[in-house]
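Chain by chain, the residues:
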Amino acid sequence: LHMAAGRPRYLEAIERNPKQLAFVQDKSKRKAARCGRRGGKTTGIAGWLYGGMVERPGTRQVYIGLSRGLARQILWDGIMLRMVKDYGLPIRETTRDGHLVIQHANGSSLWIAGCSDRREIDKFRGQAFYRVCIDEAQGFPDDMLQPLVEDALEPALADHGGQIALTGTPSPIDVGYFHAATTGVAPGWSHNHHWDIRANPHFAARAEDVLAETRERNGWSEDNPTYQREWLGRWVHDASALIYPFTAETNLWKPESDWFYG
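Residues numbered from 1 in each chain as written. Predicted model: local features only at pLDDT ≥ 70, side-chain atom pairs only at ≥ 80, totals over all residues. Heavy atoms only, no water.

What exactly am I supposed to notice about the pattern of salt bridges here?
Side-chain pairs of opposite charge can arise where the charged atoms are in close proximity. Per the stated rule, a full pass over the model turns up 15 salt bridges. Among the ionic pairs, Glu230 bridges to Arg37, the shortest N-O distance being 3.2 Å. With Glu230 in helix 8 (residues 225-231) and Arg37 in the loop between strand 3 (30-35) and helix 3 (41-55), this residue pair connects regions lying 193 residues apart in the sequence. Glu230 gets classed as partly exposed once you look at its relative accessible area, which sits at 21%. For Asp196, the salt bridge identified is with Arg198, shortest N-O distance 2.7 Å. Residue classification places Arg198 among the partly exposed positions, given a relative accessible area of 40%. (Salt bridge = Lys/Arg side-chain N within 4 Å of Asp/Glu carboxyl O. Helix = DSSP H or I, 4+ residues; strand = E, 2+ residues; numbered from the N terminus. Buried < 20%, exposed > 50% of the residue type's maximum accessible area, 1.4 Å probe, protein only.)

Put into structure tokens, the structure is as follows:
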């Protein structure tokens, strides 16, 4: 592993984004991050998972997406292959029993997995993991995300005192397990991790121009719910996202004060 100034070179890209670096260095057992589009969170995830491989030889890390194909495209094809080329990381892609596993020279590994329905939760049982990331967590329904975290993965982290991370972009509905984890509603989650394209060093001074062009192209104002959610990574209440939009003024009825009941 190439080193620079006494530290691994693969950290270079992460260190240029202080908010992302704070997430990577957070030692909490449970941590969650909400990010806007093009915020560069996958670079931080890749560095964090690779750091687990280096820190604990012989352990297994896990990256979970909605499907294995999508998870591979995002993490391996999109980020880690470039890291291998740029920094000479001693890892290689392998397949074990139909599972995609990135093997490190020190005996540790990274399992890139999908979990598309409740039946797949059981494949994460009975193993020991050191670091686990569930990415695009907003896309997992609550009746799947909660048992995946609490029933299957957290017991698997006990052997090594491991960590679990939930990452993603806020969903149109501002409720649920991922919402609770990223807002402090759910106990036990380190949740003060939030950044958007403006923190991504790849965009540098272009970020504000990209945001302005996006608003203009779509005819959005600054407070448009989709813009706030997708690009700024903020939870917003978007009544239009509901099948039956609800507002108290329209949908609640109060009896007049001169009505009597008996």
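Would you mind going over the pairing of strand 7 (residues 109-114) with me for this structure?
Within a regular strand, side chains alternate between the sheet's two faces. Of all six residues in strand 7, six are buried, a share of seventy percent or more. Of the two faces of strand 7, both are covered, the one formed by Ser109, Trp111 and Ala113 as well as the one formed by Leu110, Ile112 and Gly114. Count of turn residues in the strand 6 (residues 99-104)/strand 7 antiparallel hairpin: four residues, of which Gly107 carries a positive phi of about 95°. (Pairing = 2+ DSSP bridges.)

Teacher, can you tell me more about the nonpolar core here?
The tendency in soluble globular proteins is for nonpolar side chains to be buried as a group. Tyr63, Leu75, Met80, Leu110 and Ile112 are the most contacted members of the largest nonpolar core, which has 32 residues in total. Not counting the four nearest positions on each side in its chain, Leu110 is found in contact with Leu49, Met53, Gln61, Val62, Tyr63, Leu75, Met80, Leu100, Val101 and Ile102. In this structure, Ala152, Leu153, Ala156 and Trp235 belong to the second largest nonpolar core, which totals 31 residues. (Core = buried A, V, L, I, M, F, W, Y, C linked by side-chain atoms within 4.5 Å. Contact = heavy atoms within 4.5 Å.)

Would you explain the sheet that holds strand 7 in this entry?
Two modes of strand pairing occur in sheets, parallel and antiparallel, and in both the strands are linked by backbone hydrogen bonds. Spatial strand order, 5-6-7-4-8-9-3-10: eight strands in an open sheet with mixed pairing. The open sheet has two edge strands with one neighbour each: strand 5 (91-96) and strand 10 (194-195). Relative to strand 10, strand 3 is paired through two bridges, and the arrangement is parallel. Bridged to Cys35 within strand 10 is Trp195. Here helix 3 sits on the sheet and contacts strand 3, strand 4 (60-65), strand 5, strand 6, strand 7, strand 8 (131-134), strand 9 (163-168) and strand 10; the angle it forms with strand 8, its principal contact strand, is near 160°. Running over the sheet, helix 4 (residues 68-87) touches strand 4, strand 5, strand 6 and strand 7 and is turned about 145° from strand 7. (Axes fitted to C-alpha atoms, helices over the stretch in contact; angles between N-to-C directions.)

Can you help me understand empty space enclosed by the protein in this one?
Unfilled space is identified by rolling a water-sized probe across the atoms. Within the structure shown, the criterion is met by one cavity of 30 Å³ or more. Of the volumes computed, that of the largest cavity is approximately 40 Å³. Together, Tyr63, Gly65, Leu66, Ser67, Leu70, Ala71, Ile74, Asp135 and Glu136 line the largest cavity. With three residues, the top contributor of residues to the lining of the largest cavity is helix 4. For the lining of the largest cavity, the per-class residue count stands at five nonpolar, two polar and two charged. (1 Å grid on protein atoms, 1.4 Å probe; cavity = no way out; pocket = protein on both sides within 12 Å on 5 of 7 lines; lining within 4 Å. Points joined across faces, edges and corners; volume = space filled by probe spheres on them. Nonpolar A, V, L, I, M, F, W, Y, C, P; charged D, E, K, R; others polar.)

How do you make sense of the packing of helix 3 against helix 4 when you look at a structure like this?
In a packed pair of helices, the relevant descriptors are the angle between the two axes and the axis-to-axis distance. For the pair helix 3 and helix 4, the least separation of the axes is 10 Å and the interaxial angle reads 70°. Relative to helix 4, the element helix 3 lies roughly perpendicular. Between helix 3 and helix 4 lies a crossing of right-handed hand. Every residue of helix 4 that contacts helix 3 at Thr42, Thr43, Ile45, Ala46, Gly47, Leu49 and Tyr50 is listed here: Ile74, Leu75, Ile79, Met80 and Met83. Considering only residue class, the contact of helix 3 with helix 4 consists of nine nonpolar, three polar and no charged. (Parallel < 35°, antiparallel > 145°, perpendicular 65-115°, else oblique. Left-handed = near helix turned anticlockwise from the far one by under 90°.)

For this particular structure, what's the right way to read the layout of surface pockets?
Roughly 840 Å³ of volume is contained in the largest pocket. Every residue lining the largest pocket is counted, 35 residues in all, and those nearest its centre are Gly40, Lys41, Thr42, Thr43 and Ile79. At the level of elements, helix 1 (12-15), helix 3, helix 4 and helix 8 are the ones that each hand at least two residues to the lining of the largest pocket. Among the elements that make up the lining of the largest pocket, the one with the highest residue count is helix 4 (seven residues). Split into classes, the residues belonging to the lining of the largest pocket amount to 12 nonpolar, 13 polar and 10 charged. Its boundaries defined by the atoms lining it, the second largest pocket holds a volume of some 190 Å³. Lining the second largest pocket, in full, are Tyr10, Leu11, Leu21, Val24, Gln25, Lys27, Gly47, Trp48, Gly51, Glu55 and Arg131.

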